[in-house]
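Understanding the architecture of this molecule
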Amino acid sequence: MLHTVRTVSLGHTSTSFFPFKPSHPSSSFAFHMEQTPILSFKIKQSNQPRITCQASSQKHEANAVSPRNEESAVHGLSETIVGVLGGGQLGRMLCQAASKMAIKIVVLDPQENCPASSLSYQHMVGSFDDSATVEEFAKRCGVLTFEIEHVNVATLEKLEKQGVVCQPKASAIRIIQDKYLQKVHFSKHGIPLPEFMRLDDLEGAKKTGELFGYPLMIKSRRLAYDGRGNAVAKSEEELASAVDALGGFDRDLYAEKWAPFVKELAVIVARGIDNTISCYPVVETIHRDNICHIVKAPADVKWKIRERATEVAFNAVNSLEGAGVFAVELFLTGDGQILLNEVAPRPHNSGHHTIESCYTSQYEQHLRAVVGLPLGNPSMKTPAAIMYNILGEEEGELGFQLAHQLMTRALTIPGASIHWYDKPEMRKQRKMGHITVVGPSLSNLEGNLATIIQGEKLDDKTAAPRVGIIMGSDSDLPVMKEAAKILEMFGVPHEVRIVSAHRTPDLMFHYASSAHQRGIQVIIAGAGGAAHLPGMVAAMTPLPVVGVPVRGSTLDGVDSLLSIVQMPRGVPVATVAVNNATNAGLLAVRILSVADENLMSRMIQYQEDQKESVLRKGEKLEKIGWESYLNHSN
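What comes next is a walk through the structure.

Calculation notes
- Residues numbered from 1 in each chain as written.
- Predicted model: local features only at pLDDT ≥ 70, side-chain atom pairs only at ≥ 80, totals over all residues.
- Heavy atoms only, no water.
- Helix = DSSP H or I, 4+ residues; strand = E, 2+ residues; numbered from the N terminus.
- Buried < 20%, exposed > 50% of the residue type's maximum accessible area, 1.4 Å probe, protein only.
- Contact = heavy atoms within 4.5 Å.
- Areas by Shrake-Rupley, 256 points an atom, 1.4 Å probe, with all protein chains shown as cover.
- Expected span 1.5 Å × (residues − 1).
- Patch = residues over 30% accessible without salt bridge, like charges linked within 9 Å, V, L, I, M, F, W, Y side chains within 5 Å.
- Salt bridge = Lys/Arg side-chain N within 4 Å of Asp/Glu carboxyl O.
- Pairing = 2+ DSSP bridges.
- Axes fitted to C-alpha atoms, helices over the stretch in contact; angles between N-to-C directions.
- Parallel < 35°, antiparallel > 145°, perpendicular 65-115°, else oblique.
- Left-handed = near helix turned anticlockwise from the far one by under 90°.
- Nonpolar A, V, L, I, M, F, W, Y, C, P; charged D, E, K, R; others polar.

Scanning the protein chain from terminus to terminus reveals 18 helices and 26 strands. The buried share of the protein chain, taken over its 634 residues, is 50%. Once local pairs closer than 6 in sequence are excluded, the contacts in the protein chain between residues at least 24 apart make up 63%. Counting only carbon and sulfur atoms, one obtains 51% of the accessible surface of the protein chain, whose full area is about 29800 Å².

Its 15 residues place the ends of helix H11 (residues 396-410) 22 Å apart at the C-alpha level, agreeing with the 21 Å of an ideal helix rising 1.5 Å per residue. Close packing links the buried residues of H11 with strand S19 (384-391), strand S20 (416-420), strand S21 (431-439) and helix H12 (442-454).

We now examine unusual backbone geometry. Peptide bonds are mostly trans, and most non-glycine residues show a negative phi. Cis geometry is adopted by the peptide bond preceding Pro 168, which originates at Gln 167 and carries an omega value of -5°. Positionally, Pro 168 belongs in the loop between helix H3 (153-161) and helix H4 (170-177). Cis geometry marks the peptide bond from Ala 297 to Pro 298; its omega dihedral reads -5°. Assignment of secondary structure puts Pro 298 in the loop between strand S16 (291-297) and helix H8 (303-318). For Asp 422, which is not glycine, the phi torsion reads 60° and is therefore positive. Phi angles above zero are rare outside glycine, and Asn 579 is one such case at about 70°. On the basis of relative accessibility, which here comes to 27%, the residue Asn 579 falls in the partly exposed class.

A surface patch of nonpolar side chains, about 240 Å² in accessible area, is lined by Val 232, Trp 258 and Phe 261. Its place among the elements puts Phe 261 in strand S13 (residues 261-271). Judged by relative accessible area, Phe 261 falls into the partly exposed class, the value being 33%.

Moving on, we come to the pairing of strand S11 (residues 230-233). The side-chain alternation of S11 yields one buried face, formed by Ala 231 and Ala 233, and one unburied face, formed by Asn 230 and Val 232. Pairing geometry for strand S10 (residues 216-220) and S11, over 4 bridges, is antiparallel. Counterpart to Leu 216 in the pairing with S11 is Ala 233.

Moving on: the environment of Val 550. You can see Val 550 is positioned in the loop between strand S25 (545-549) and helix H16 (558-565). In this structure, the C-alpha to C-alpha distance between Val 550 and Met 480, residues 70 residues apart in sequence, is 8.6 Å. Not counting residues within four places of it along the chain, the set of residues in contact with Val 550 comprises Asp 476, Val 479, Met 480, Gly 526, Ala 527, Gly 528, Gly 557, Ser 560 and Asn 579.

Time to look at the sheet that holds S11. Taking strand neighbours across the sheet as the criterion, the 4 strands line up as S9-S12-S10-S11 in an open arrangement whose pairing is antiparallel. With partners counted over all chains shown, the strands left at the sheet margins are strand S9 (196-199) and S11, one partner each. Looking at each pair of strands side by side, their axes are set apart by 25° on average, direction ignored. Together, S9, S10 and strand S12 (253-257) form the strand contacts of helix H5 (residues 179-188), whose direction differs from that of S9 by roughly 145°.

Remark: H3 packs on H4, axes separated minimally by 9 Å, with the N-to-C direction vectors making an angle of 165°. By the angle between their axes, H3 is roughly antiparallel relative to H4. Between H3 and H4 lies a crossing of left-handed hand. Residues Val 153, Ala 154, Leu 156, Glu 157 and Glu 160 of H3 lie in contact with H4, whose contacting residues are Ala 170, Ile 173, Arg 174 and Gln 177. Among the residues forming the contact of H3 with H4, the class breakdown is 5 nonpolar, 1 polar and 3 charged.

So, on to the sheet that holds strand S23 (residues 494-498). Think of a sheet as strands paired side by side through backbone hydrogen bonds, with each pair either parallel or antiparallel. The strand order across the open sheet formed by 5 strands is S23-S22-S24-S25-S26, and the pairing between neighbours is parallel. Every other strand in the sheet has two partners, leaving S23 and strand S26 (574-575) as the edge strands with one partner each. In terms of strand pairing, strand S22 (residues 467-471) meets S23 through 5 bridges, oriented parallel. Opposite Met 471, over in S23, you have Ile 498 as the bridge partner. In this fold helix H15 (residues 533-540) packs onto S22, strand S24 (522-527) and S25, with an angle of close to 150° to the strand it touches most, S24. Each of S22, S24, S25 and S26 is contacted by helix H17 (residues 581-593), which is oriented at about 165° to S24, the strand it contacts most.

Now for the environment of Glu 160. Along the chain, Glu 160 falls in helix H3. On the accessibility criterion, Glu 160 (26% relative accessible area) is partly exposed. Separated by 16 residues in sequence, Glu 160 and Leu 144 have C-alpha atoms that sit 10.0 Å apart.

Structure (C-alpha cells):
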C-alpha cells in the first residue's frame with residue numbers, strides 16, 4: 001500500500017510515496033486518503049537531508065494512489081515504515097539500529113530538535129498524546145511502536161480497529177501505563193509482587209499502613225517514571241505529606257508494601273509477532289535519587305536467582321499482547337525471592353549496554369520484532385559490561401562542560417563507548433547520555449569506571465591478569481617461574497602469588513572464591529610439601545585448575561602427583577609431570593585459546609616452531625655426526 005505526502009520546498013511542489021506492508025500477514029489497513037490533512041515539510045540543511053513535518057488542520061483532496069516510485073522504494077531488510085511515538089534518546093538509538101538494516105523510521109515528537117530528529121527518516125512535530133495528530137501520523141506508517149508508554153491509548157485502540165498495527169498492542173499499553181492496573185493484571189497471572197492496595201483517602205491510607213507496616217511506598221498510578229510519582233511514608237505521621245507530594249488523592253494513588261530488597265535486577269525480554277520470546281541476561285541496576293545510575297551485566301547473583309528472575313520476566317511478558325522489547329524490573333529480597341516491580345513496553349535504560357555487549361542490541365531486537373523479522377541472539381559477546389548514565393550535574397553551560405570532561409576521560413579507557421543524546425538543554429539529573437564499558441570482568445570494569453568518574457589518570461599498568469600462578473611457599477618459585485615465562489612469551493597477563501593452604505587458609509579461601517570475579521580465567525597451583533593447594537583451590541572456584549607437582553626432598557614429587565590425581569569426584573584438577581610448570585603454562589594458554597583466536601594462532605605458530613626446531617636439529621645431526629654434534633652442543 002502506498003501513501004502520498006505532498007512536499008513543499010523552495011517554492012516547488014513534488015509528490016513522494018511512502019510504501020509499506022503490514023508487519024503481520026493477517027493485518028489489514030483501510031485508510032481514506034481524501035481525509036488526510038496537508039503536511040508542511042521543513043527541509044533542514046545537513047549532511048543527510050532530514051524531513052521535519054508539522055501537522056496542519058487544512059483539508060485537501062487526496063491524490064490518486066500511483067505505482068511505487070522505484071527511486072523512493074525501501075530496499076532494507078523490511079519495507080515496513082516504522083512509526084515511533086516519541087523522539088527521545090530511545091527513539092534516537094532505534095534510528096541508529098534501523099540505519100544498519102536500512103529500515104526507515106518516522107518519529108512523532110513535540111520538540112522540533114528532539115534527540116531522534118536528526119537521525120530519523122522523517123520527524124513529525126506534534127504531540128503523541130493528541131488523538132488527531134497520532135491518527136494523522138499513523139497514516140504514514142506500516143507499524144506503530146513506542147519509546148514512551150504515556151500515550152493516548154484510546155486513540156491506539158481506535159486505530160487498531162481501523163487496521164493499524166500497533167506493537168506492542170494497545171491492550172498492553174493500557175495495562176502498563178496504569179501501574180495499579182499493572183499490579184492487578186500480573187497478580188491475576190500468578191506473577192510474584194509486593195502486596196499493594198488502592199488508596200482513596202487518608203483514612204484508607206492509614207489502614208493500609210497498619211496492614212503493610214512502615215516504611216510505606218506510595219505511588220501515582222500514571223505518568224510516573226525516573227522516581228517521579230513515588231513517595232515514601234516512614235510513619236503514619238508522614239502519610240499526609242507523602243500524599244500531598246504526589247498531588248493528592250485526586251491523582252489516583254496506590255500503596256505498595258515495602259519490598260526489603262538487597263538488589264534491583266532487570267531482564268530485557270523480546271517477543272516476535274509469532275510469539276517467540278527471547279530473554280537477555282539478567283542485569284543489576286543501581287539507582288541514585290530513584291534514577292537508574294549504573295547497570296552491571298551480567299548480574300552478580302547465583303545461577304538459580306538468574307533462572308528465577310528470567311522465569312518471572314518471561315511469564316510477565318507472556319501475559320501481555322504484542323511484539324517488541326519489554327523491560328521487566330525486579331526486586332531480589334534477602335531470602336532469595338524475586339518480586340516484580342514494573343514493566344516497560346519498550347527499550348529501556350537497563351538494556352543500553354546491549355549495544356556493545358550483546359550480539360543483538362535491544363534496539364535492533366525491537367525493530368526485528370515489530371516488523372516481523374526473526375529475533376536475534378540476545379546473549380553477551382563479552383564477559384562483562386557496565387553502563388553508566390551521564391546525568392546532568394549542573395544547569396546550563398557548566399553542566400555541559402562537566403559532562404564533556406567525563407566523556408573525555410572515558411575516551412582513555414579501553415572498551416569504553418560513549419553515547420551522547422544531543423539534547424539542547426542541560427538540567428540537573430536529566431539523562432544526557434551514557435557510557436558503556438566492556439571487558440573481562442565486573443571487577444576490572446568497576447576500576448575503570450571509578451577512573452572515569454573520579455577523574456584520576458589511568459595507571460600505565462598491565463592488563464588485568466587472566467591466569468593466576470599460586471604456590472604455598474617461595475621454595476616452589478624456581479619451578480613455578482617456568483609457567484610465568486610461557487605466559488609472558490604468549491602475552492597472557494598473569495599474576496604470581498604465595499597462597500598457603502595451611503599457613504594462610506583465609507587468604508587461600510578469598511583468592512579461590514574471588515578469582516573469577518576479578519577476571520582470572522585459569523589457575524596454576526604448585527603442589528609442594530603436603531600438596532593440598534591445587535585440590536583445596538579447585539573445591540572453592542569454578543575456574544579450571546592446573547596442578548604442578550613440585551619435587552620435594554624425600555619422595556621426589558610423587559606424593560604431590562598422587563594427591564592431585566586422587567581428587568574426589570566433582571572436584572577436578574588437571575595435572576602435568578613433576579616439576580613441569582612449562583606444560584602447565586602451555587595448557588593454560590590452550591584453555592584460553594578456545595575463545596581467543598589470537599592465542600590460538602600463536603599456539604599453532606608455537607607448535608610449528610617446535611617442529612622446525614626438531615627438524616633443524618635432525619639435519620644438523622645427519623650432517624656433522626653424533627660426536628661432533630655432542631661436542632658442538634657442549
